[in-house]
Amino acid sequence: MDPADIPSLPRGVRVQRDTVRETWVLLAPERTVTLDDIAHAILSEVDGKASFGAITARLAARYQAPEDQIAKDAAGFLGALRDRRFLDVA
Amino acid sequence: MTAPRPPIAMLAELTHRCPLACPYCSNPVDLARQDAELDTADWVRVFDEAARIGVLQLHLSGGEPATRRDLETLVKAARDAGLYTNLITSGIGLTQKRLAALDAAGLDHIQLSLQGTTPEMADEIGGYRGGFARKMQVAEWIGAIGFPLTLNAVLHRRNLHQLPRAIEMAVEMGARRIEVATVQFHGWALRNRDALMPTREQAAEATRIVQEARLALKGRLVIDYVPADYHSDYPKRCMGGWGSTGLNIAPDGAVLPCHAAQTIPHLTFDNVRNRSLGEIWQNDPAFNAYRGTDWMPEPCASCDRKTVDFGGCRCQAMALAGDAAATDPVCVKSPLHGILQARADAHAAAEAPLVYRAAPGKVTAEPAE
């Protein structure tokens, strides 16, 4: 993921609250990914407008964490979603 | 036994009616009649119950689910209940207008089956003339609306050579995923082993093609692969473990741990007309019969793979070993493994006409010439 990349959830992929298991999940075609707090925080910033750089800057500010570490974690998570076709990157 | 974890996925077999007659159909040989099918209100209640016990993924299947006239209503009800809705279809029975209505109802995803990559192959396997052309038209409409699409190519000895083209077609259709599924021998397929069993060489070639395509298409097309079962050394992790993640509702409302469970003669199944889904999931003896690992005999009980594959498929153990609690004969540790491998090679070398799936409530069709 480059700072200028703009990630978005494609049609048929959505974040939903699982009220039975009391967790957030990513629902995708025939697949469900359980989201931990970090993963949920990252996806909450993915709106199809914000760039990857803007997303990591916002997360770094909100969680008072080093931005390079956040960028590394977020790139790993979002890259894995992209490989599974759960994430579009423009 | 501790309370089971909530199920994640539910397969709703809305009907056993289908315009196609694929000889590997996973529906039971004893098909449910139309007048036995659950009605709209029953299904809506079941979807609601499913969501409340933790189901997230709903697979609307059949038969051909598009033969249900209330499909659009059912999709909307499932979405309203919070379920992710996946339509598993041959495409036959879907029109542009119905697809638009399904879009408006909130359908999340479509899985389109592929019987072959040419009209000659597809129409012969499906037993339905013109089916391939119709399917290609439906794929175009699906793409125009923008539904996420998975192509499901079912492969066997007669069409395995078409695998490279099937993968190309998935890319051309804009599918995000293709499921490359070698026929599993349950239901009608069990009657067609001489006609459909792939050779050992074909099975190995398919694995090679899939591995290469995965690398070449990384990030563009996801390839899920179901290898040839009889030629494997370890059995499949059937249903992710019996009664652990998913359940299946038959057209008449019977609640099954898997779609083939009715082939295990000593099990009886409860019905959504009589009891709530939650109660059935938690307490039904059929679900508890092979849940976890306590039921396992040797060699499964002491095997380090017992929570990897749960001893394989119970229905296959029933069909091939005559005992649903036996180790799946696919497994190298099964005393029947050698016999099964020899039988697989014999099936692969045999010649036989296709035995087509019958229509519900009618007599079995004679083998086609």
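Above this text you will find the structure in question.
These lines cover the structure that appears in this document, whether it is placed above or below. On a predicted model such as this, the values are computed, not experimentally measured, just so you know. (Residues numbered from 1 in each chain as written. Chains lettered and ligands numbered in written order. Predicted model: local features only at pLDDT ≥ 70, side-chain atom pairs only at ≥ 80, totals over all residues.)

Here's the deal with the interface of chain B and chain A
Often, the extent of an interface is quoted as the loss of accessible area on bringing the components together. Listed as interface residues are 18 residues of chain B and, on the opposing side, 14 residues of chain A. Across the side of chain B that touches chain A, the residue classes break down as seven nonpolar, seven polar and four charged. (Contact = placed C-beta atoms within 7 Å. Nonpolar A, V, L, I, M, F, W, Y, C, P; charged D, E, K, R; others polar.)

Let's talk about the pairing of strand β8 (residues 246-249) of chain B
All names here are of chain B. Relative to β8, strand β1 (residues 9-13) is paired through four bridges, and the arrangement is parallel. What sits directly across from L11, in β8, is N248. As judged from the two bridges shared by β8 and strand β9 (residues 255-256), these two strands associate in the antiparallel manner. In the strand pairing of β9, N248 is matched with L256. (Pairing = 2+ DSSP bridges. Helix = DSSP H or I, 4+ residues; strand = E, 2+ residues; numbered from the N terminus.)

Observations concerning the packing of helix α2 (residues 71-80) of chain B against helix α3 (residues 96-105) of chain B
Residues and elements named next belong to chain B. As a packed pair, α2 and α3 sit with axes 8 Å apart at the nearest point and diverge in direction by 15°. What the angle tells us is that α2 and α3 run roughly parallel. Judged by the twist between their axes, the crossing of α2 over α3 is right-handed. Judged by residue contacts, E72, V75, K76 and R79 of α2 engage A101, L102 and A105 from α3. (Axes fitted to C-alpha atoms, helices over the stretch in contact; angles between N-to-C directions. Parallel < 35°, antiparallel > 145°, perpendicular 65-115°, else oblique. Left-handed = near helix turned anticlockwise from the far one by under 90°.)

Concerning the environment of A:D88
Residue and element names in this part refer to chain A. With respect to the element layout, D88 can be found in strand β5 (residues 88-89). Between the alpha carbons of D88 and T32 there is a distance of 17 Å; along the sequence they are 56 residues apart. Residue contacts for D88: discarding those within four places in its chain leaves S8 and P10.

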